[in-house]
Structures are given as C-alpha cells and as structure tokens.
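Structure assessment
These are the residues of each chain, in order.
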Amino acid sequence: MIQEVLTAVLAGGAVVAVYAGAAARVVKQYERGVVFRFGKLAGQVRPPGFTMIVPLVDRLHKVNMQIVTMPVPAQEGITRDNVTVRVDAVVYFKVVDPADALVRVEDYKFAVSQMAQTSLRSIIGKSDLDDLLSNREKLNQGLELMLDSPAMGWGVAIDRVEIKDVSLPETMKRSMARQAEADRERRARLINADAELQASKKLREAAHQMEDAPSALQLRLLQTVMAVAAEKNSTLVLPIPVELLRFLERGGTPPPAPEVTRAPAPPPQEPQESQEPLPGLSSPAYLAGRADAESAVEAVEDLTGASVEPAPVPEADS
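What follows is about the confidence of the model for the chain. Scored by pLDDT, the chain comes out at a mean of 78, with 73% of its residues at no less than 70. This stretch, residues 271-281, has a pLDDT under 50; its non-local contacts, to residues over four places away or in other chains, come to 3 contacts.

Attention shifts here to helix H3 (residues 108-126). The periodicity of an α-helix, 3.6 residues per turn, causes residues three or four positions apart to be oriented the same way. The first and last C-alpha atoms of H3 sit 27 Å apart over 19 residues, in line with the 27 Å expected at 1.5 Å per residue. For H3, the set of buried residues is Tyr108, Ala111, Val112, Ser113, Ala116, Gln117, Ser119, Leu120, Ile123 and Ile124. Taken together, the buried residues of H3 touch strand S5 (58-64), strand S6 (68-78), strand S7 (84-95), helix H2 (98-103), helix H5 (136-151) and strand S8 (156-167).

Taking 1.5 Å of rise per residue, 22 residues should cover 32 Å, and helix H1 (residues 2-23) covers 31 Å from first to last C-alpha, within 8% of that figure. Of all the 22 residues making up H1, 1 are buried; the element is thus mostly uncovered.

So, on to the environment of Val26. By the secondary structure assignment, Val26 is in strand S1 (residues 24-27). Non-local contacts of Val26, meaning those with residues more than four positions away in its chain, are made with Gly49, Phe50 and Lys62.

It is worth spelling out the sheet that holds strand S2 (residues 31-37) at this point. One open sheet accounts for 3 strands, arranged S3-S2-S5; its pairing is antiparallel. Looking at the sheet topology across the chains shown, the edges are occupied by strand S3 (40-41) and S5.

Moving on: the pattern of salt bridges. Following the criterion strictly, the structure yields 9 salt bridges and no others. A salt bridge links Arg37 to Asp58, with the shortest nitrogen-to-oxygen separation between them at 2.6 Å. With a gap of 21 residues between them, Arg37 in strand S2 and Asp58 in strand S5 connect regions that are remote in the sequence. Judged by its relative accessible area of 37%, Arg37 falls in the partly exposed class. For Asp58, a relative accessible area of 6% corresponds to the buried category. In this structure, Arg187 and Asp183 form a salt bridge, with 3.5 Å as the shortest nitrogen-oxygen distance. Of this pair, Arg187 and Asp183 both sit in helix H6 (residues 170-212), separated by 4 residues, roughly a single helical turn. Given the relative accessible area of 30%, Asp183 is considered partly exposed. One network of salt bridges, with partners in common, ties together Asp183, Arg186 and Arg187.

This part takes up a nonpolar patch on the surface. A cluster of nonpolar side chains, namely Val26, Phe50 and Met52, defines an oily patch on the protein surface of about 320 Å² accessible area. Classification of Phe50 by relative accessible area gives exposed; the value is 60%.

Our focus in this paragraph is unusual backbone geometry. A positive phi angle, close to 55°, is found at Phe38, a residue other than glycine. Along the chain, Phe38 turns up in the loop between S2 and S3.

Spatially, S6-S7-S8 is the arrangement adopted by the 3 strands of the open sheet, whose pairing is antiparallel. The open sheet is flanked by S6 and S8, the only strands paired with a single partner. Between one strand and the next, the sheet's axes are offset by a mean angle of 25°, whatever the strand orientation. One ladder, built from 10 bridges, connects S7 with S8; its direction is antiparallel. Residue pairing for S8: Ala89 is matched across the bridge by Ile163. Against the sheet, H5 contacts S7 and S8, and its axis sits at roughly 140° relative to S8.

This part is about the packing of H3 against H5. If you want to describe how two helices pack, look at the angle between their axes and the distance between the axes. In contact at an axis separation of 10 Å, H3 and H5 are set at 140° when each is read in the N-to-C sense. Judged by the angle between their axes, H3 and H5 are oblique. Once H3 is placed against H5, the crossing between them reads as right-handed. Taking contact as the criterion, the partners of Met115, Ala116, Ser119, Leu120, Ser122 and Ile123 in H3 are, on H5, Leu139, Gly142, Leu143, Met146, Leu147 and Pro150. By residue class, the composition of the contact of H3 with H5 is 9 nonpolar, 3 polar and no charged.

Conventions and cut-offs
Residues numbered from 1 in each chain as written. Predicted model: local features only at pLDDT ≥ 70, side-chain atom pairs only at ≥ 80, totals over all residues. Heavy atoms only, no water. pLDDT = per-residue confidence, 0-100. Contact = heavy atoms within 4.5 Å. Helix = DSSP H or I, 4+ residues; strand = E, 2+ residues; numbered from the N terminus. Expected span 1.5 Å × (residues − 1). Buried < 20%, exposed > 50% of the residue type's maximum accessible area, 1.4 Å probe, protein only. Pairing = 2+ DSSP bridges. Salt bridge = Lys/Arg side-chain N within 4 Å of Asp/Glu carboxyl O. Patch = residues over 30% accessible without salt bridge, like charges linked within 9 Å, V, L, I, M, F, W, Y side chains within 5 Å. Areas by Shrake-Rupley, 256 points an atom, 1.4 Å probe, with all protein chains shown as cover. Axes fitted to C-alpha atoms, helices over the stretch in contact; angles between N-to-C directions. Parallel < 35°, antiparallel > 145°, perpendicular 65-115°, else oblique. Left-handed = near helix turned anticlockwise from the far one by under 90°. Nonpolar A, V, L, I, M, F, W, Y, C, P; charged D, E, K, R; others polar.

Below you can see the structure in the form of structure tokens.
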C-alpha cells in the first residue's frame, strides 16, 4: 500500500515538473511577451523576467523593443528640375506597442521598408537638386513625417531618417565642376580688378606727391635702376638724348638756328677717264690715318651740328 502511494506521488511530481517546464517562459529585458489563448489576445503584455503560460492553450510571442536600423535600397528618380538622381537612405525605428505590431500588420519590418522606399521616391520628385545636396536636414524631417503617420497605426515609432548618398550622372558632375570652376575664376578676376583699382589710386597719390618734389621722381628712377642692376643676368641700357650732350657742349646756351640756303648746283662735268692712284696714297698707314680723320669729323658734327657753308654774296652792279 505504501509503495503504491509513493508511486502515485512520484508520478504526480513528474507530471507537475513536466507541466511547469512546459508552462515556464523567460522574457529578456529588451523584449515584451504577447500571449494568444486559443488564437485570441489574452491579458496584458508580459514584462521582462519569468512568466507562466498554459501549455497547449497559450502561445507566447516575443517582440523586440530595440531600435532597428533598416537601410533603404537606392531609389532612382527625377527631381523637380529634371535631373536624374539615385538616392539611398537609412531608417531608425522601434516598436512601442507589441500587440499592435503583431495584430495590425503581418510583418511590420517589411511594411516600414516598403513605406520608406515609396516616401523616398516622393521626396525626390518634390525636391530640387540643390536641396538634395545641401538641404538634407529639411528633407530628412519631411521623410520622417511621411513615415511616422502610417507607422503609428502599426505600433511602430520612427526615430529618425537619414539620406546617406546622392549619386549623380557623370555628365551632371562635369557640368557642376565647370560651373564651380567658372565661379571661382569670376571671383579671382573680381579680386584682381579690385587690386588694380586700389593700386591705381595709390599710384595717383604718389604722382601728386612727386609733382610737388621732382627730385623724388629721380630718386625713384635710381631705385628702379638699382633693383634692375641687382640681377646678374641682365644688361642695363640708359639712353641719353643727343640734345643734352650738345647743350652741355655749348656751355648751357642753345645756339641760334642758322639759316640754310641752297648753293647753286655745279654744272655737269664730263666723265673723266680713271686715273691711276699716286704712289704712296694706297699704303695701309695712309688709309688708317684717313679713316681716323673721317671718324673725328663725324664726332665733331654730332656734337656741334652739321657745318653750313655761307651763301655767296651777290656783287653790286657798278
């Protein structure tokens, strides 16, 4: 009798142990448990920790409450200014109501992904190319609002949306590069023109200063000569007017301009037969002395002017 009682107790203990093992569940800290009893939502959402369900009657579904990072595939579209671009983004969202995430939508992750793709295409069509490149914060906010409205009915909250990259065609990239280069060249020319204007104003002020003191211009000329002479590979040539040399030659008083009269042309002469040179006039010493004399006469004429023969005075009639 006692043996039968012990056997029954052991069998009951085994059944209880099996039942407890089948009914015991553990929900992690970042999860929430949703229980369905005979296919119907039963009770409240189970918090993290140890919980019990009815075996073969209840089914426990665990829902992750962490923020999910979902990349949005690159979408190709045409902007409002008729430019073909390819844009990809990333969506950050989390489940705020586990029961709605399981009951109201079949697969909330797939639903959020498809909604993000359609919203991204809509944003591309409503925006200009400059907005996609430089005003992404505003586009991110607009995309977040477009996703958050339907996602709240699914028990999902959109944390943030970011546009990752905007791919442009090669022709558009070259056009933008030429535009940027032209803009920089325009600014460089404006800066150069402004510098020339300021330099011209300063030169005008310097000219007025040198007008009051003519010696300053001579000093400036000497400084320029010294600066040029510092270069070892250059030859400096200072042209001096011949009139200045003639003025210094005459003692500082310019000579009166002589009256030039034309002498009567000599009568034509008959051609003479060529005569042989005299002996001794064709020697090298005689030719060298004659060349020196001609060069001396030319130097004197350069300093004193060409000699002018006086006009013959006509004789008075008796």
